[in-house]
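# Observations on chain architecture
Residues per chain, in single letters:
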Amino acid sequence: MTEQERMHCDEVVASLLEYLDGEIDDARRALIDDHLAECRGCFSRAEFERALRDRMRSLASAPPPDSLRRRLKAIIDEF
Ligand SMILES: [Zn+2]
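Residues numbered from 1 in each chain as written. Predicted model: local features only at pLDDT ≥ 70, side-chain atom pairs only at ≥ 80, totals over all residues. Heavy atoms only, no water.

Under an unreviewed UniProt entry, the name given to the protein chain is Zf-HC2 domain-containing protein, and the source organism is Aromatoleum evansii.

Printed below as a string of structure tokens:
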């Protein structure tokens, strides 16, 4: 890969949501993967966004933490 093909941090950040949504073409995804492998700043940013999205998704679809914890405890107590 040549220097010209590398993405800048601001491009990566601008494409991060599409990247995490999987709504990005393979060529761009590969460029971002390469960038994240080498750029700690963007990697941290991507991890933060990913964690945030996972949390939002689990809040939207999973039962509230309290009932989940109670259910897990019930399962554990059965053993
Ligand atoms: Zn970067």
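After that view, the rundown keeps rolling.
Further remarks concern the overall build of the protein chain. When its secondary structure is counted, the protein chain shows 4 helices and 0 strands. Ordered by position from the N terminus, the helices and strands of the protein chain form the series α-α-α-α. Residue burial in the protein chain is summarised as follows: out of 79 residues, 19% are buried. A fraction of 57% describes how many contacts in the protein chain between residues 6 or more apart in sequence connect residues 24 or more apart. Taken as a whole, the protein chain presents about 6300 Å² of accessible surface, with 55% of it coming from carbon and sulfur. (Helix = DSSP H or I, 4+ residues; strand = E, 2+ residues; numbered from the N terminus. Buried < 20%, exposed > 50% of the residue type's maximum accessible area, 1.4 Å probe, protein only. Contact = heavy atoms within 4.5 Å. Areas by Shrake-Rupley, 256 points an atom, 1.4 Å probe, with all protein chains shown as cover.)

Now for the coordination of the zinc ion. Only Cys9 (SG), His35 (NE2), Cys39 (SG) and Cys42 (SG) from the protein reach the zinc ion as donors, at distances of 2.0 to 2.3 Å. One chain supplies every donor for the zinc ion, spaced along it as C-x25-H-x3-C-x2-C. Linking Cys9 in helix α1 (residues 9-21) with Cys39 in the loop between α2 (26-38) and α3 (40-61), this pair joins segments that are 30 residues apart in sequence. (Donors = N, O, S within 2.8 Å, 3.2 Å for Na, K, Ca; no water.)

Our next topic: the UniProt feature "domain: Putative zinc-finger" (unreviewed entry) in the protein chain. Per the UniProt entry, the sites bearing "domain: Putative zinc-finger" (unreviewed entry) are residues 9-42 in this numbering. For residues 9-42, the end-to-end C-alpha separation is 7 Å, with 85% helix and 0% strand making up the annotated structure. (UniProt positions renumbered as here; feature names shortened; annotations may be inferred.)

Confidence in the prediction for the protein chain averages 87 pLDDT; 90% of positions are at 70 or higher. Per-element mean pLDDT across the protein chain ranges from 83 in helix α4 (residues 65-78) up to 95 in α2. (pLDDT = per-residue confidence, 0-100.)

On to a nonpolar patch on the surface, then. A cluster of nonpolar side chains, Leu68, Leu72, Ile75, Ile76 and Phe79, forms an exposed patch at the surface whose accessible area comes to about 570 Å². By the element assignment, Phe79 lies in the segment after α4. On the basis of relative accessible area, Phe79 is assigned to the exposed category, the value being 86%. (Patch = residues over 30% accessible without salt bridge, like charges linked within 9 Å, V, L, I, M, F, W, Y side chains within 5 Å. Salt bridge = Lys/Arg side-chain N within 4 Å of Asp/Glu carboxyl O.)

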